[in-house]
Amino acid sequence: MSRHYGCDVAVIGGGVGGCAAALAAAEAGMRVVLTEETDWIGGQFTSQAVPADEHPWIEQFGCTRKYREFRQRVRDYYKANYPLTAEAMRNDRFNPGNAIVSRLSCDPRVALSVLESMLAPHVHSGRITLLLDVRPIAADTDGDAVRSVMLEHAETGERVIVEGRYVLDATECGDLLPLTGTEYVTGAESRRDTGEPHALEGDAEPLDIQSITWCFALDYREGEDHTIEKPAAYEFWRGYQAPFQRDRMLSWTPLQTNEAVKRFSLFPEAGAFSLWNYRRIADRTQFAPGTFDSDLTLVNWPQNDYWLGSVYDVPEEERRRHLEGARQLSLSLLYWLQTEAPRPDGGYGYPGLRLRGDVTGTADGLAKAPYIRESRRIRAEFTVKEQHISPEVRGANGAEPFPDSVGIGCYRIDLHPTTGGREGFYIPSLPFQIPLGSLIPVRMDNLLPACKNIGVTHLTNGCYRLHPVEWNIGESAGALAAYCLRRGVSPRRVRREPSLLADFQSELAKRGVELAWPAIRPV
């Protein structure tokens, strides 16, 4: 027997986009079922242990009001529950970790608590039904519509069937797309197909996908020895060097030949880039003395990017092998840091580095799930391409304006090394809009993407995949499903009929979804 749930909007995947979608739909009066494969909602913020990657203007504009509320609640949580210094307490832009990469680098457990509190009124009222530890394994379709999704509980094997009038795919890999027969794209497109300046010159390579990373949390206990057992694959990773790398994977040498940073170090050191401060989530100097014995940092570094194979659209045995490969790489990086990493004093290794599984909510110390940068992507009514957002193409004209905008975002096109053996690159993009057409599949009527599985390319995924953009995509998808149900119209009609489009955009604006960028100076 399977449990059955009926709802207006089924959101499959409880990551950043999924949470935003569920909130938007519930706030519009819809009955929502939100499912999540792990036991933590929040995706990048929580189960994947990735601090927020955001653009330079995030404190003033460039995200939705609801995302800004999340950020403020994170700061309020620290100020209400942690003994901070007087200076930190006064700081309106308090950054718990003072990380290099983020203006709000917080503990995954704090992000989880905040997201749960934002969902709580709707969960407690019954508006949102939250199902954890379940993954989609099948779907029932009727022509161009999804009727239901079957999910399986990770521990018990129990089957759950969710029927929704709209089904939103907020899974990290776009898992509903093959299950529902929705047309989709993976990997790197050919320049012949997209016209993108940096696309592949030859044929498209569907399995040329950005690397994944299995993150983990560390603190440092000087004088103690927390060296882990030598990982099974350590000798492989200790000697591994890809053709495009200047040194072995496990080294202080930046891995990409176009990397501006000359040298990495663990702790701050003259002339080097501190990886410890890179994604630090607790700067102990901001807390009352004795609160933290050490800083806390999250390890999502170039040295644990895994690109030896894809974790989707491959046989299950191969998928599992690559997931374990990513885990082994991260454990090997830690073991190298503890035992062999060169120190400034001429010695080797930092045995005081300690895995913090309590931070990630796991027994083994690694994150609950890998950080997936590039998902399957729908074949959409409109696909955002490099030439729409590239300063190289657009010059001083700004990004291509989209009259059907449902949000905005900004980040460089950041491609990590790929499973096709390419080193990736980091090139500028212009502050961009999210077109409604990129959320509408070419055929399916009641399935919507709600995270990084929208109509983008391998290249533009590199800037449409970050936290505030994924939130905006999910929020707009949830609002769109609710709008269509209330009005009895389809997403396609909303996009094509000017009066409906203007009305929907007006509703988004009332929600605090910014549809266009103000005049800004490049940074």
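Residues numbered from 1 in each chain as written. Predicted model: local features only at pLDDT ≥ 70, side-chain atom pairs only at ≥ 80, totals over all residues. Heavy atoms only, no water.

Looking at an unreviewed UniProt entry, one finds the protein named FAD-dependent oxidoreductase and attributed to Paenibacillus thermoaerophilus.

## Regarding the overall build of the protein
Defined as follows: Secondary structure elements follow DSSP: runs of H or I of four or more residues count as helices, runs of E of two or more count as strands, with numbering from the N terminus. As a reference, a globule follows 2.2 Å times the number of residues to the power 0.38, and the radius of gyration itself is taken over C-alpha atoms. Only protein chains enter the accessibility calculation, which uses a 1.4 Å probe. A residue is then buried if its area is under 20% of the maximum for its type, exposed if over 50%, and partly exposed in between. It only takes one pair of heavy atoms within 4.5 Å for two residues to be counted as in contact. Only the protein chains shown count as cover for residues, and all accessible areas are computed by the Shrake-Rupley method using a 1.4 Å probe.
Helices and strands together make up the secondary structure of the protein, namely 16 helices and 21 strands. Taking 2.2 N^0.38 as the reference for a compact globule, 523 residues should give roughly 24 Å; the C-alpha atoms of the protein span a radius of gyration of 22 Å, in line with that estimate. Counting every position in the protein, which comprises 523 residues, the buried fraction comes to 60%. Of the contacts made within the protein by residues no fewer than 6 positions apart, 71% connect residues no fewer than 24 positions apart. Accessible surface, the protein as shown: approximately 19,700 Å² in total, 48% of it carbon and sulfur.

## A closer look at the packing of helix 2 (residues 65–81) against helix 4 (residues 108–125)
Definition in use: Axes, fitted as lines to C-alpha atoms, cover a helix only where it is in contact. Angles between the N-to-C directions of the axes lie from 0 to 180 degrees. Here roughly perpendicular refers to angles of 65 to 115 degrees, roughly parallel to angles under 35, roughly antiparallel to angles over 145, and oblique to all remaining angles. It is the rotation of the near helix from the far one that decides the hand of a crossing: anticlockwise by less than a right angle makes it left-handed, clockwise makes it right-handed. Gly is put with the polar residues, along with every residue not named as nonpolar or charged; the nonpolar set is Ala, Val, Leu, Ile, Met, Phe, Trp, Tyr, Cys and Pro, and the charged set is Asp, Glu, Lys and Arg.
In the contact formed by helix 2 and helix 4, the axes pass within 9 Å of each other and the chain directions differ by 120°. Judged by the inter-axis angle, helix 2 sits oblique to helix 4. Crossing handedness for the pair helix 2 and helix 4: right-handed. Contacts from Lys-66, Glu-69, Phe-70, Arg-73, Val-74, Tyr-77 and Tyr-78 in helix 2 reach Val-110, Ala-111, Ser-113, Val-114, Leu-115, Ser-117 and Met-118 in helix 4. Residues of the contact of helix 2 with helix 4, tallied by class, amount to 9 nonpolar, 2 polar and 3 charged.

## What to know about the side chain of Ser-332
As a reminder, the rule being used: Polar contact criterion, stated in full: a pair of N or O atoms within 3.5 Å, where within protein one must be able to donate a hydrogen and the other to accept it, and residues adjacent in sequence count only if both atoms are side-chain atoms.
Looking at the element boundaries, Ser-332 is found in helix 9 (residues 316–339). There is a polar contact of 2.8 Å between the side chain of Ser-332 and the backbone oxygen of Gln-328. Filtering out sequence-adjacent residues up to four positions away, Ser-332 remains in contact with Pro-231, Ala-233, Tyr-234, Trp-237 and Leu-250.

## Quick word on the pairing of strand 6 (residues 159–169)
Keep this limit in mind: What makes two strands pair is DSSP finding at least two bridges between them.
Among the 11 residues in strand 6, 8 count as buried, and that is most of the element. Pairing of strand 1 (residues 3–12) with strand 6 involves 9 bridges; the strand directions are parallel. By the bridge assignment for strand 6, Arg-3 is matched with Val-160. When strand 5 (residues 145–153) meets strand 6, the two strands line up antiparallel, connected through 5 bridges. Residue pairing for strand 6: Ser-148 is matched across the bridge by Glu-163. The antiparallel pairing of strand 5 with strand 6 creates a hairpin that spans 5 residues between the two strands, and Gly-157 there sits at a positive phi of about 80°. Where strand 6 and strand 21 (residues 447–449) come together, 3 bridges link them in parallel fashion. Each residue of the ladder has a partner; that of Leu-168, found in strand 21, is Leu-448.

## Describing the side chain of Asn-453
As for its position among the elements, Asn-453 is in the loop between strand 21 and helix 13 (461–464). For Asn-453, the side chain forms a polar contact with the main-chain nitrogen of Cys-451, separated by 3.2 Å. For Asn-453, the residues in contact, after removing those within four places along its chain, are Asp-169, Gly-174, Ser-375, Arg-376, Arg-377 and Ile-378.

## Observations regarding the packing of aromatic side chains
Just so we agree on the cut-off: Side-chain rings of Phe, Tyr and Trp (the six-membered ring for Trp) are treated as a pair once their centres are within 6.5 Å; stacked means planes under 30 degrees apart, edge-to-face means over 60, and tilted covers the remaining angles.
Here the structure, examined in full by the defined rule, presents 30 aromatic pairs. With 5.6 Å between their ring centres and 70° between their planes, Tyr-67 and Trp-471 make a pair best called edge-to-face. With Tyr-67 in helix 2 and Trp-471 in helix 14 (residues 467–487), this residue pair connects regions lying 404 residues apart in the sequence. Overall, the relative accessible area of 0% leaves Tyr-67 in the buried class. The exposure class assigned to Trp-471 is buried, which follows from its relative accessible area of 1%. Taking the centre distance of 6.1 Å and the plane angle of 65° together, the rings of Trp-237 and Tyr-306 count as edge-to-face. Of the two residues, Trp-237 is situated in helix 7 (residues 234–239) and Tyr-306 in strand 14 (residues 305–306); the sequence distance between them amounts to 69 residues.

## Description of the sheet that holds strand 15 (residues 353–355)
A sheet is described by the order of its strands in space; here 4 strands give the open sequence 12-13-9-15, paired in antiparallel fashion. Each end of this open sheet is capped by a strand with a single partner; those strands are strand 12 (280–282) and strand 15. In this sheet, adjacent strand axes meet at a mean angle of 35° when their direction is disregarded. Examined bridge by bridge, strand 9 (residues 216–220) and strand 15 share 3 bridges and lie antiparallel to one another.

## A few points about the pairing of strand 5
Two elements, strand 4 (residues 134–142) and strand 5, share 8 bridges in a ladder whose sense is antiparallel. Among the inter-strand pairings, Asp-142 is bridged to a residue of strand 5, identified as Ala-145.

## Remarks on the nonpolar core
One broad trend across soluble globular proteins is that nonpolar side chains are buried collectively. What counts, and what does not: Here, nonpolar core means buried Ala, Val, Leu, Ile, Met, Phe, Trp, Tyr and Cys residues that are tied together by side-chain atoms lying within 4.5 Å of each other.
Ranked by internal contacts, the top residues of the largest apolar core, which has 142 residues, are Leu-168 and Tyr-464. The greatest single-element share of this core, amounting to 11 residues, is contributed by helix 14. Not counting residues up to four positions away in its chain, the partners in contact with Tyr-464 are Val-384, Ile-389, Phe-402, Phe-432, Gln-433, Ile-434, Pro-435, Ile-454, Val-456, Val-469 and Ile-473. Listed in part, the 19 residues of the second largest apolar core include Tyr-5, Val-149, Val-160 and Met-444.

## With respect to unusual backbone geometry
Of note, the phi angle at Asn-98 is positive, near 45°, even though the residue is not glycine. Assignment of secondary structure puts Asn-98 in the loop between helix 3 (86–90) and helix 4.

## Overview of the pattern of salt bridges
Pairing between side chains of opposite charge can happen when their charged atoms approach one another. Where we set the bar: Salt bridge, as applied in this entry: a Lys or Arg side-chain nitrogen positioned within 4 Å of an Asp or Glu carboxyl oxygen.
By the definition in use, this model includes 56 salt bridges. Between Glu-158 and Arg-3 there is a salt bridge, with its nearest N and O atoms 2.8 Å apart. Highlighted residues: Glu-158 in the loop between strand 5 and strand 6 and Arg-3 in strand 1, separated in sequence by 155 residues. The salt bridge partner of Asp-175 is Arg-376, with a shortest N-O separation of 3.0 Å. In this pair, Asp-175 sits in the loop between strand 6 and helix 5 (176–180) while Arg-376 sits in the loop between helix 10 (357–360) and strand 16 (377–378), placing the two residues 201 residues apart along the sequence. Owing to a relative accessible area of 22%, Asp-175 belongs among the partly exposed residues under this scheme.

## Brief notes about the environment of Gln-303
Tracing the chain through its elements places Gln-303 in the loop between strand 13 (296–299) and strand 14. On the basis of relative accessible area, Gln-303 is assigned to the buried category, the value being 0%. Separated by 50 residues in the primary sequence, Gln-303 and Thr-253 have C-alpha atoms spaced 9.5 Å apart. Apart from the residues lying within four places of it in its own chain, the contact partners of Gln-303 are Met-249, Leu-250, Ser-251, Trp-252, Leu-255, Phe-264, Leu-275, Leu-329 and Leu-333.

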